[in-house]
Amino acid sequence: MNYPETVAYLFSSTLVFEHVGATAYKEGLGNTLALDSHFGHPHHAYPTIHVAGTNGKGSCSHALAAILQQAGYRVGLYTSPHLVDFRERIRVNGEPISEERVVTFVERERGFFEPLHPSFFELTTALAFLWFKEQKVDVAVIEVGLGGRLDCTNVITPLLSVITNISLDHTQFLGDTLAKIAGEKAGIIKHGVPVVVGEAVAETRPVFERAAAGRQAPVVFAQNNPEVTASTAVATGGRDYQTRSYGPLHGELGGDCQTLNTNTVLTAVSVLRRLEDRTGLHVSAADVRRALPRMASLTGLMGRWQQLHEAPRVVCDTGHNVGGWQLLAPQIAAQPCRQLRIVFGMVDDKDIDAVMRLLPRNAVYYWTQAANHRAIPAPRVQALGSAHGLRGRQYPTVAAALRAAMADAAPDDFVFIGGSSYVVADLLTLNYF
């Protein structure tokens, strides 16, 4: 098989959560442990940092990887989902895994893994851990796929655990209260391993405190003594920060959510710096200041308040649940423009009704659906939008919706595309801009 055929095989012969949703979720670590043993526990060959959370874990993972790269280390980065190419999930110093290695992995190992019937994510995690060992990384940043306690990344024992925040998402798997979800995320806390919690509320903080105390893991709440003391969006892109330990910083990502994410990242780096004698990882304040302004170029990050065009200004973002839209909606509504235009679609495991209540009322909407089996059909999205008093028309594809929005837009309009990672994925695949 060539690379496209191999990726097609992975998508068609394994259960892929991004395609089929709940049926791809496998509770338990049986397959993961079998794969890990078969490959000789490759994650033992390098230290790791483990990142969980409902929102922001992708941005935080990329930021930590960028800072470690800037410090001179060879850094593995494992994230999900991908937007354009499967290989985005597995990177070393920003470079995706080679097509050849994806092909040889499947060709050589399918005789072992096919009888296990692993999920797509179980198999991808095994490949990532193996690739990082083969590439002799100095450290790897590992993003949790879903939850934490039973996520197949949870076989690692990291130098540091990071939990960004908790909101109601994937409730069918993780529980229907913030406390239950926090309990699942807290499952990544390991005995004696420090943990940084980015945001906690009255319902979740005791969960993290109990889990950390039970495992004798020092816990730092980033909110308690925040590293970020001020944050301002920059008209030309990104954000400027005033910080307690790192002086003035410029961050490449401009989303309002990045204030919280950056505070979490800087707190995590401060913990790593205190652990230097134990970990051997040296990160300077200068490394932080140099890495954050070029995070995307260092790591390949896409889709986080990413500006694609000027006049009209066009921005996309992968925020896809209520927690994400609580920050996205006010930022979109605050953009100076003649007319706000929003290309919007969601998938069927998200609380679209709750998101609709947050959407700006003064926008023109281009309701659509991603090319994904879980996408809510555009007519249904339009009907829900109309029920909430939102005006717009429906389009069968992201491409059609984008073309209509751009045809309608004046140079001083603002066009936003999002609602789902898969809407953004379809957009970026178009190479429209």
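Rules of the game
- Residues numbered from 1 in each chain as written.
- Predicted model: local features only at pLDDT ≥ 70, side-chain atom pairs only at ≥ 80, totals over all residues.
- Heavy atoms only, no water.
- UniProt positions renumbered as here; feature names shortened; annotations may be inferred.
- Axes fitted to C-alpha atoms, helices over the stretch in contact; angles between N-to-C directions.
- Helix = DSSP H or I, 4+ residues; strand = E, 2+ residues; numbered from the N terminus.
- Parallel < 35°, antiparallel > 145°, perpendicular 65-115°, else oblique.
- Left-handed = near helix turned anticlockwise from the far one by under 90°.
- Contact = heavy atoms within 4.5 Å.
- Nonpolar A, V, L, I, M, F, W, Y, C, P; charged D, E, K, R; others polar.
- Domains from an automatic or database assignment.
- Salt bridge = Lys/Arg side-chain N within 4 Å of Asp/Glu carboxyl O.
- Buried < 20%, exposed > 50% of the residue type's maximum accessible area, 1.4 Å probe, protein only.
- Core = buried A, V, L, I, M, F, W, Y, C linked by side-chain atoms within 4.5 Å.
- Pairing = 2+ DSSP bridges.
- Phe/Tyr/Trp six-rings, centres within 6.5 Å; stacked < 30°, edge-to-face > 60°.
- Lys NZ or Arg CZ within 6 Å of the ring centre and 35° of its normal.
- Right-handed = clockwise from strand over helix to strand, strands pointing away.
- Arc of directions from axis to C-beta.

The name that an unreviewed UniProt entry assigns to the protein is Dihydrofolate synthase/folylpolyglutamate synthase, with the source organism given as Prevotella dentalis. Recorded in UniProt for the protein, the comment headed Cofactor (unreviewed entry) runs: "Mg(2+)". Quoted verbatim from the Sequence similarities (unreviewed entry) heading of the UniProt record, the comment on the protein is "Belongs to the folylpolyglutamate synthase family."

Q: Whenever I open this one, the packing of helix α3 (residues 30-38) against helix α6 (residues 120-134) confuses me. Can you help?
A: A pair of packed helices is captured by two measures, namely the crossing angle of their axes and the spacing between those axes. For the pair α3 and α6, interaxial distance at closest approach is 10 Å and the crossing angle is 25 degrees. As far as their axial angle goes, α6 and α3 are roughly parallel. Crossing geometry of α3 relative to α6 is assigned as right-handed. Seen from α3, the contacting residues are Asn-31, Thr-32 and Leu-35; seen from α6, they are Glu-122, Leu-123 and Ala-126. Here the contact of α3 with α6 is composed, by residue class, of three nonpolar, two polar and one charged.

Q: How do you make sense of the domain arrangement of the protein when you look at a structure like this?
A: When the parts of a complex come together, some accessible area is lost, and that lost area is often taken as the interface size. Domains assigned within the protein are domain 1 (3-298) and domain 2 (306-429). Distance between the C-alpha centres of domain 1 and domain 2: 27 Å.

Q: Help me out: how do you make sense of the pattern of salt bridges in this one?
A: Two side chains bearing opposite charge may form a pair once their charged atoms approach each other closely. Considering all chains together, one arrives at 14 salt bridges under this definition. A salt bridge links Glu-114 to Arg-110, with the shortest nitrogen-to-oxygen separation between them at 3.1 Å. Of the residues examined, Glu-114 reaches a relative accessible area of 33% and is grouped as partly exposed. Note that Arg-393 and Asp-408 form a salt bridge whose closest N and O atoms lie 3.8 Å from each other. With a gap of 15 residues between them, Arg-393 in strand β16 (residues 391-394) and Asp-408 in helix α17 (residues 398-408) connect regions that are remote in the sequence. Owing to a relative accessible area of 52%, Arg-393 belongs among the exposed residues under this scheme. Each of the salt bridges in this network shares a partner with another, and the network as a whole consists of Arg-338, Arg-341, Asp-412 and Asp-413.

Q: Is there a simple way to explain the packing of α17 against helix α18 (residues 421-430) in this structure?
A: Running from N to C, α17 and α18 point in directions that differ by 75 degrees, and their axes come no closer than 9 Å. Accordingly, the angle class assigned to the pair α17 and α18 is roughly perpendicular. Residues Val-398, Ala-399 and Leu-402 of α17 lie in contact with α18, whose contacting residues are Val-423, Asp-426, Leu-427 and Leu-430. Grouping the amino acids of the contact of α17 with α18 by side-chain chemistry returns six nonpolar, no polar and one charged.

Q: Quick question: what am I supposed to make of the nonpolar core here?
A: Soluble globular proteins: nonpolar side chains tend toward being buried together. Judged by nonpolar contacts, the single largest core of 39 residues is most densely connected at Leu-64, Ile-67, Leu-68, Val-141, Val-269, Val-288 and Leu-292. Sorting the residues of this core by element identifies β1 (48-52), α4 (57-70), β2 (75-78), β5 (139-143), β6 (160-163), α10 (258-274), α12 (285-291) and α13 (295-299) as the ones contributing at least two each. Here this core takes seven residues from α4, the largest share from any one element. Leave out the neighbours within four places in its chain, and Leu-64 touches Ile-49, Val-51, Val-141, Val-265, Ala-268 and Val-269. With 33 residues, the next largest nonpolar core counts Tyr-78, Val-102, Leu-123 and Cys-152 among its residues.

Q: Would you mind going over the sheet that holds β1 with me for this structure?
A: Two pairing modes exist for strands in a sheet, parallel and antiparallel, and in both the strands are linked by backbone hydrogen bonds. Spatially, the eight strands line up as an open sheet ordered β4-β3-β2-β5-β1-β6-β7-β8, and their pairing is mixed. Looking at strand neighbours, the two that pair on one side only are β4 (95-96) and β8 (219-221), the edges of this open sheet. Relative to β5, α4 is tilted by about 175 degrees, and along the sheet it contacts β1, β2 and β5.

Q: Help me understand the UniProt feature "domain: Mur ligase C-terminal" (unreviewed entry) in the protein in this model?
A: Feature annotation in UniProt places "domain: Mur ligase C-terminal" (unreviewed entry) on residues 303-420, given in this structure's numbering. Helix makes up 32% of residues 303-420 and strand 23%, whereas the separation of the span's terminal C-alpha atoms amounts to 11 Å.

Q: How do you make sense of the packing of aromatic side chains when you look at a structure like this?
A: In this description, an aromatic ring pair is defined by two values, namely the gap between the centres and the angle between the planes. Evaluation of the coordinates by the stated rule reveals 14 aromatic pairs. Ring centres 5.9 Å apart and planes at 90 degrees place the aromatic pair Phe-344 and Trp-367 in the edge-to-face group. One end of the pair, Phe-344, is in strand β14 (residues 340-344); the other, Trp-367, is in strand β15 (residues 364-367), with 23 residues separating them in the sequence. Of the two residues, Phe-344 and Trp-367, both sit in the buried class. These aromatic residues form a ring-pair network of at least three members: Trp-305, Trp-325, Phe-344, Tyr-365, Trp-367, Phe-414 and Phe-416. In this arrangement the basic side chain of Arg-110 is found over the ring face of Tyr-9, its NZ or CZ atom lying 4.6 Å from the centre. Sitting over the ring of Phe-221, Arg-205 keeps its end group 3.9 Å from the ring centre.

Q: Quick question: what am I supposed to make of the pairing of β15 here?
A: Along any regular strand the residues' side chains alternate between the sheet's two faces. Every second residue of β15 is oriented toward a common face, with Val-364 and Tyr-366 on one face and Tyr-365 and Trp-367 on the other, all of them buried. The sheet contact formed by β14 and β15 spans four bridges and is parallel. Looking across to β15, one finds that Ile-342 is bridged to Tyr-365. Where β15 meets β16, four bridges bridge the pair, whose relative direction is parallel. If you follow Trp-367 over to β16, its bridge partner there is Gln-394. Regarding topology, helix α16 (residues 378-387) serves as the crossover connection from β15 to the parallel β16, and that connection is right-handed.

Q: Mind showing me how you'd approach α3 here?
A: Because each turn of an α-helix spans 3.6 residues, side chains separated by three or four positions in sequence point in the same direction. Every buried residue of α3 is listed here: Asn-31, Thr-32, Leu-35 and Asp-36. Taken around the axis of α3, the buried residues stretch over an arc of 130 degrees, which confines them to a single face. Each element contacted by the buried residues of α3 is listed here: α5 (99-113) and α6.

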